[in-house]
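# Structural characterization, general
Okay, here's what each chain looks like letter by letter:
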2 protein chains.
Amino acid sequence: MAVPLIDPRDLDFALWRVLDAEQLTRYARFADHGRETFDAVIETARRIAEEKFRPHAAKSDANEPYLENGKVVLIPEIGEAVRAFAEAGFMAAHHDTERGGMQLPWTIQQAAFAHFKAANVPTAGYPFLTIAAANLIHAHGSEEQQRLWMQPMLEGRFFGTMALSEPHAGSSLSDVRTVARRLDDGTYAIKGSKMWTSGGEHEISQNIVHMTLARIEGAPAGVKGLSLFIVPRYRLDETGNPSVPNDVRLIGLNHKMGYRGTVNTALSFGEEDGCIGWIVGAPNRGLLQMFHMMNEARVGVAFGAIMLAYQGYLESLAYARERPQGRHPGDKDPTTPQLALIEHADVRRMLLQQKAVAEGGLMLALDLALRIDRSTHDPDPQVRKRESLLLDFLTPIIKAWFSDQSLVANHNALQIFGGYGYTRDFPVERIYRDNRLNPIHEGTNAIQAIDLLGRKASIHDGAAFAAVVEAIDATLAEAAGIAEVKLIRDATKEARDRLVETTDALMKDSTRIGPIRLLANAEAYMDLAGLTVFGWIWTRQAIEAAAMLKAGQDPDFARGKLAAARYAARWELPRSEQRATLLQSLDATLVDVQDSWF
Amino acid sequence: MAVPLIDPRDLDFALWRVLDAEQLTRYARFADHGRETFDAVIETARRIAEEKFRPHAAKSDANEPYLENGKVVLIPEIGEAVRAFAEAGFMAAHHDTERGGMQLPWTIQQAAFAHFKAANVPTAGYPFLTIAAANLIHAHGSEEQQRLWMQPMLEGRFFGTMALSEPHAGSSLSDVRTVARRLDDGTYAIKGSKMWTSGGEHEISQNIVHMTLARIEGAPAGVKGLSLFIVPRYRLDETGNPSVPNDVRLIGLNHKMGYRGTVNTALSFGEEDGCIGWIVGAPNRGLLQMFHMMNEARVGVAFGAIMLAYQGYLESLAYARERPQGRHPGDKDPTTPQLALIEHADVRRMLLQQKAVAEGGLMLALDLALRIDRSTHDPDPQVRKRESLLLDFLTPIIKAWFSDQSLVANHNALQIFGGYGYTRDFPVERIYRDNRLNPIHEGTNAIQAIDLLGRKASIHDGAAFAAVVEAIDATLAEAAGIAEVKLIRDATKEARDRLVETTDALMKDSTRIGPIRLLANAEAYMDLAGLTVFGWIWTRQAIEAAAMLKAGQDPDFARGKLAAARYAARWELPRSEQRATLLQSLDATLVDVQDSWF
């Protein structure tokens, strides 16, 4: 029997108990909704994910996209799945009802979408990129652009992509070379090469809208000279339907280790000088406009990583329960039946690690979604400000720390399956390969760490950092005195103190030591901050679990939560000490080592 | 240009400088050899590995073995490579000259073979399994068995396999069910199913000799009832040539995530009651006989993992030097040229981690090979005893700790390549997939950890552990007072003290707490011991590097060694504290958690 996509008890626990997402219905925008409509949306997503997304995940991996007569061929199930997604209204889920949307909170949409990520993250890439592209036009495009390009995306007729990276500039957007020449009619002639464009070409939508970063002729060098353009595969006729090709040429497909269902392309724009782009917003504002979307995309990448961790966890848990292997140490009587794998301590360690990352990550991803809703819709500007500050600091952490730890989780899932896990007969090796992308794309994890320490730790005079510490302290105060929570509370308090002390010390020293030395050990800072946040979310879960235990509600479930919190406190959080020591010593190993020494 | 398989400076450094392997020529068995013949053998291996093994590594991965008309089809390059290997005399390299061998020390053979592992570990699997099977017959088989089965293996005509695991018993050999019924002529009728047999069927050798564990009818349950059999694919005619099939049937091929060139099979023995086996040695001694081979195989697995780490390191180092991307933090002038990746601190961190694991691992693997030579050939029984004790304790560590850390190294290699690393256009994703097997096979890493803490830490009244500590202390004494070595020496001393303190505490408590609690946190013990050994080998390398610096020899190389030692001291070894604390607290998280809580 297939495992669930998400443990429904856990989703309910995170959404309604820990996060109290029902509070969203107090906002005017969501007043027509209630817990019932939210649950119904999530259930619909779960059903479509189960029926249309999950069944072809293995087939899609084994049959990666290929070219036939110049056309990209995907297995047909991918298009069918995305159509079912769009027909259920999910493309427009958070948009206004008058636009055909459901006016859903971002939180609920994300809780629903988590099921598609768990079921088949490569297929889910098509709608999620489209939603992100539509959001970008919604935020910065003109009314006409919204009508012509966004509306067909919300209806699932056009798909969207992000055309940012170039062959020579993956991480360094500053070096983007694609140029845009202004034409007399106000459109732009686009010319250049793009690399790594996911969903860049296929035949499952009527049109593909590339949200493209390019540099207008004469614009400044670097990121300050980038503008954002709508560059469609096909131009539109007067009725808004795709007509002639727009000189966007597919150069080749990238053949990946995993994540294969999402076709990944190298594209060339304007080889025959016939590629037109429409500028979105003002010139030279491209990166700024992208930033909003990039944060969303970063949380999205993390959410995908976490759901892969979650699937690996549930798969390996089911296997650990059913597979007999070995006996307890000391019990060498070979005539006794073998124990189930789950009886072995180290298998439990690997299950607890997965549970802590997967369930903790799910809660954090939903927590951030809730903060996005609050930062947008709360009537109190103070609340909006605070939530936005929290998002600033927490986004690189969920992207980097959780994608790294999710990969460790998938490593553990595979390990529990033993030799079988290494074969393609079980899904964990595919999940592991899919997940290996997540520490790379949407800004490598090293870039996230530099963003965290070099920018987020100090922006707004340290207000983002202070907001996070304040939120953690509120949780620690709430946890004080609850016996079952003491272990994780104390470990989190220690990690929090180390993070604060380290951040203070580094910020004080930053001018003296300069940015190179400050940021040399950014990876250790990311781990220190990630561990602290990990402790925070597990303290929050433990508080609720303790309350459930006290009330006699589902004690097994509650004890499982406390066990995961205990695992986090004993096995993971103590690492924060080593990290803080390294950082505070301003260790210069990485600065001093020279190229010629390798 | 292709990177080298191994940095030749580093191999020379480890073999001749740190380990002083030339001392082997003092043993009577190796008296005819000298540094020149050793170097020549290594150079021959390097050349064949470059010319015959490396070129088809990617092709072999993309074209995994398949069945056609009931026959296993491998790409032809695999057979050609193994033939070149055999023709160079490597199948018999360490055997007596009168058997057609080179009478090479194991150390030199391993240094030579490291090149095949670096070039193409799946293809190298065929000769290495054959060598291991031959060693088993050499150690325990009769003269006739050596003539009939071993000799053709040394000539490369027959290949060998290890047929241990069964579909229901991967880790738990205690539960092996294959039965052997004694026939009147002293042979045995074999019946049962084997799983995961590497090299189990193919057409690139005249015969395949399965070294098979089975239970003689009426033998005790458990490992004490296992016997070792020679079960060939084809029986032999009177001239010793393969004749009729021996009722060994191929049930299917396992389709793996990586390591694809090594065909992996499910086999059925005696479905038609026509499978004959020849017992090796006495009945019920099978596992004992296997043990010798398993230790060799475990070091072999680790060596393979380490060479994959080494290749990933050299590949990503070359890429980091040539790929421009981004600028220093703080240097935002986009009109300046981009820096090479290697200029970024976090890339250096990932390179140093790889260097520390790859070069440190290579040295340790050769160190263990040297101890095998000494434990076999040293005239002093005290030396033989001591080396054998050291091998007992260090074998699970090199298998588990180094295969885990080698995978981290490959993760870092892939990460340095960014999006390109995730594609199949570069070798690192293949290397990473190949390496993912190593924490699983030849005893999962959890089993190694249980072996280390549950057995090796206490065997011979703690003499194995004491021998390791004594060896470490000798290094620490040697390092005292050398300024350049202080950092790694002190960190190693701390880790060593934590390891000793923890081991003492656990051994003292072991009877009281019982084996389940003692071994629950074995993974943490493995990490603590692994870190200590990691510190030890880097202290040894640092001592030699400091001497080179002093003598003005290759200062860049020496500084690189000191930088890797510094990385180990600052970034890795401090983790030993957290591990010791967890272990000494007898943390019961993994014991207390219940199946129903998940």
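Residues numbered from 1 in each chain as written. Chains lettered and ligands numbered in written order. Predicted model: local features only at pLDDT ≥ 70, side-chain atom pairs only at ≥ 80, totals over all residues. Heavy atoms only, no water.

### A short note on the overall build of chain A
When helices and strands are tallied, chain A shows 17 helices and twelve strands. For chain A, the spread of C-alpha atoms along the three principal axes comes to 80 × 60 × 60 Å. The 598 residues of chain A split such that 66% are buried. Averaged over its 65 positive side-chain charges, chain A has a centre that lies 2 Å from the centre of its 76 negative ones. (Helix = DSSP H or I, 4+ residues; strand = E, 2+ residues; numbered from the N terminus. Buried < 20%, exposed > 50% of the residue type's maximum accessible area, 1.4 Å probe, protein only. Lys, Arg positive; Asp, Glu negative; His and termini not counted. Charge placed at Lys NZ, Arg CZ, Asp CG, Glu CD.)

### Looking at the interface of chain B and chain A
Residue-level contacts link 99 residues of chain B with 100 residues of chain A. Approximately 8,700 Å² of surface area, both sides summed, lies buried where chain B meets chain A, with 56% of it carried by carbon and sulfur atoms. By the criterion of area lost to chain A, the three top residues of chain B are Tyr422, Trp571 and Phe598 of chain B, representing 12% of everything that side buries. Run the count over chain B and chain A and you get twelve salt bridges. Linking aspartate 595 of chain B and arginine 321 of chain A is a salt bridge whose minimum nitrogen-to-oxygen distance equals 2.6 Å. At the boundary of chain B with chain A, the tally comes to 59 residue pairs in polar contact (both at pLDDT 80 or more). Looking at the side of chain B that touches chain A element by element, the count peaks at nine residues for helix H15 (residues 555-572) of chain B. Its residues assigned to classes, the side of chain B that touches chain A shows 41 nonpolar, 28 polar and 30 charged. (Contact = heavy atoms within 4.5 Å. Buried area = accessible area lost by both parts, 1.4 Å probe. Salt bridge = Lys/Arg side-chain N within 4 Å of Asp/Glu carboxyl O. Polar contact = N/O pair within 3.5 Å; in protein donor to acceptor, adjacent residues only side chain to side chain. Nonpolar A, V, L, I, M, F, W, Y, C, P; charged D, E, K, R; others polar.)

### With respect to the packing of aromatic side chains
Summed over all chains, the structure comprises 55 aromatic pairs over all chains. Ring geometry for phenylalanine 113 of chain B and phenylalanine 116 of chain B: centres 6.1 Å apart, planes at 70 degrees, overall edge-to-face. Of this pair, phenylalanine 113 of chain B and phenylalanine 116 of chain B both sit in helix H5 (residues 106-140), three residues apart, roughly one helical turn. Judged on exposure class, the residue phenylalanine 113 of chain B and its partner phenylalanine 116 of chain B are both buried. Ring geometry for tyrosine 567 of chain B against tryptophan 571 of chain B: centres 6.3 Å apart, planes inclined by 15 degrees, an arrangement best described as stacked. You can see tyrosine 567 of chain B and its partner tryptophan 571 of chain B sitting in helix H15, four residues apart, about one turn around the helix. Note on accessibility: tyrosine 567 of chain B and tryptophan 571 of chain B belong to one class, buried. Ring pairing ties together the aromatic residues Phe53, Phe85, Phe90, Phe113, Phe116 and Phe128 of chain A, which thus form one cluster. (Phe/Tyr/Trp six-rings, centres within 6.5 Å; stacked < 30°, edge-to-face > 60°.)

### Notes on the relation of the copies chain B and chain A
By a simple turn and slide, chain B fits onto chain A: the slide is 0.0 Å along the axis, the RMSD is 0.0 Å, and the turn is 180 degrees. The two molecules are tied by a two-fold rotation axis, judged by turn and shift. Distance from the rotation axis, computed per C-alpha, reaches its smallest value in chain B at arginine 575 of chain B: 3.5 Å. Both copies present the same face, since 100% of the interface residues in chain B are matched by interface residues at the equivalent positions in chain A. (Least-squares fit on C-alpha atoms with pLDDT ≥ 70 in both.)

### Examining the confidence of the model for chain A
Scored by pLDDT, chain A comes out at a mean of 97, with 100% of its residues at no less than 70. Here the predicted complex scores 0.98 on pTM and 0.97 on ipTM. (pLDDT = per-residue confidence, 0-100.)

### Here we look at the packing of helix H8 (residues 345-377) of chain B against helix H9 (residues 381-417) of chain B
Residue and element names in this part refer to chain B. Two numbers describe how H8 lies on H9: the axes approach to 8 Å, and their chain directions differ by 155 degrees. One way to sum up the angle between H8 and H9 is to call them roughly antiparallel. Remark: the crossing between H8 and H9 carries left-handed chirality. Across the contact of H8 with H9, the residue classes break down as 18 nonpolar, eleven polar and four charged. (Axes fitted to C-alpha atoms, helices over the stretch in contact; angles between N-to-C directions. Parallel < 35°, antiparallel > 145°, perpendicular 65-115°, else oblique. Left-handed = near helix turned anticlockwise from the far one by under 90°.)

### Quick notes on the side chain of arginine 54 of chain A
All names here are of chain A. Among the secondary structure elements, arginine 54 is positioned in the loop between helix H2 (35-53) and helix H3 (57-62). Given the relative accessible area of 15%, arginine 54 is considered buried. At a separation of 2.6 Å, a polar atom in the side chain of arginine 54 contacts the main-chain carbonyl oxygen of valine 3. When sequence neighbours within four positions are dropped, the list of residues in contact with arginine 54 reads Ala2, Val3, Pro4, Leu5, Ala49, Ala119 and Gln311.

### Topic: helix H7 (residues 286-322) of chain B
With 37 residues, H7 of chain B extends 53 Å between its outermost C-alpha atoms, agreeing within 8% with the 54 Å of an ideal straight helix rising 1.5 Å per residue. In H7 of chain B, a bend of some 35 degrees at histidine 292 of chain B exceeds every other bend along the element. (Expected span 1.5 Å × (residues − 1). Bend = angle between axes of the 7 residues up to and from the residue.)

### Structural notes on the environment of aspartate 237 of chain B
Note that aspartate 237 of chain B resides in the loop between strand S8 (234-236) and strand S9 (242-245). Within the structure, aspartate 237 of chain B has its side chain in polar contact with the side chain of threonine 239 of chain B (distance 2.6 Å).

### Points about the nonpolar core
Ranked by size, the top nonpolar core spans 369 residues in total, and within it Phe116 of chain A together with Phe116 of chain B carry the most contacts. Dropping the residues within four chain positions of it, phenylalanine 116 of chain B is found in contact with Ala45, Ile48, Ala49, Phe53, Phe85, Phe90, Val121, Ala124 and Phe128 of chain B. (Core = buried A, V, L, I, M, F, W, Y, C linked by side-chain atoms within 4.5 Å.)

### Section: the pairing of strand S7 (residues 226-232) of chain B
All names here are of chain B. With seven of its seven residues buried, S7 lies for the most part within the structure. Residues Leu226, Leu228, Ile230 and Pro232 point to one face of S7 and Ser227, Phe229 and Val231 to the other, with burial holding for every one of them. Relative to S7, strand S6 (residues 207-216) runs antiparallel, the two sharing seven bridges. Paired with histidine 210 across the two strands is valine 231, which belongs to S7. Sheet topology note: the S7/strand S12 (residues 276-279) ladder contains two bridges and is antiparallel. Looking at the pairing, isoleucine 230 lines up with tryptophan 278 of S12. (Pairing = 2+ DSSP bridges.)

### Digging into the packing of H5 of chain B against helix H6 (residues 143-154) of chain B
All names here are of chain B. Contact geometry of H5 with H6 gives a least axis separation of 9 Å together with a crossing angle of 155 degrees. Considering the angle they form, H5 stands roughly antiparallel to H6. Relative to H6, the crossing made by H5 is left-handed. Contacts from Thr130, Ala133, Ala134, Ile137 and His138 in H5 reach Gln145, Gln146, Trp149, Met150, Met153 and Leu154 in H6. Along the lines of polarity and charge, the residues of the contact of H5 with H6 split into seven nonpolar, four polar and no charged.

### Regarding the pattern of salt bridges
Under the defined criterion, the tally for this structure stands at 97 salt bridges over all chains. One salt bridge in this structure joins lysine 456 of chain A and aspartate 451 of chain A, with 3.0 Å as the shortest N-O distance. Residues lysine 456 of chain A and aspartate 451 of chain A agree in their burial class; the two are buried. Put simply, arginine 575 of chain A and aspartate 527 of chain A hold a salt bridge, and the shortest N to O gap is 2.8 Å. On the criterion of sequence distance, the pair formed by arginine 575 of chain A in helix H16 (residues 575-584) and aspartate 527 of chain A in helix H14 (residues 522-550) is long-range, its members being 48 residues apart. Note on arginine 575 of chain A: relative accessible area 13%, which makes it buried. Salt bridges here are not isolated pairs; linked through shared partners, they connect Asp346 and Arg349 of chain A together with Glu523, Asp527, Glu572, Arg575 and Arg579 of chain B.

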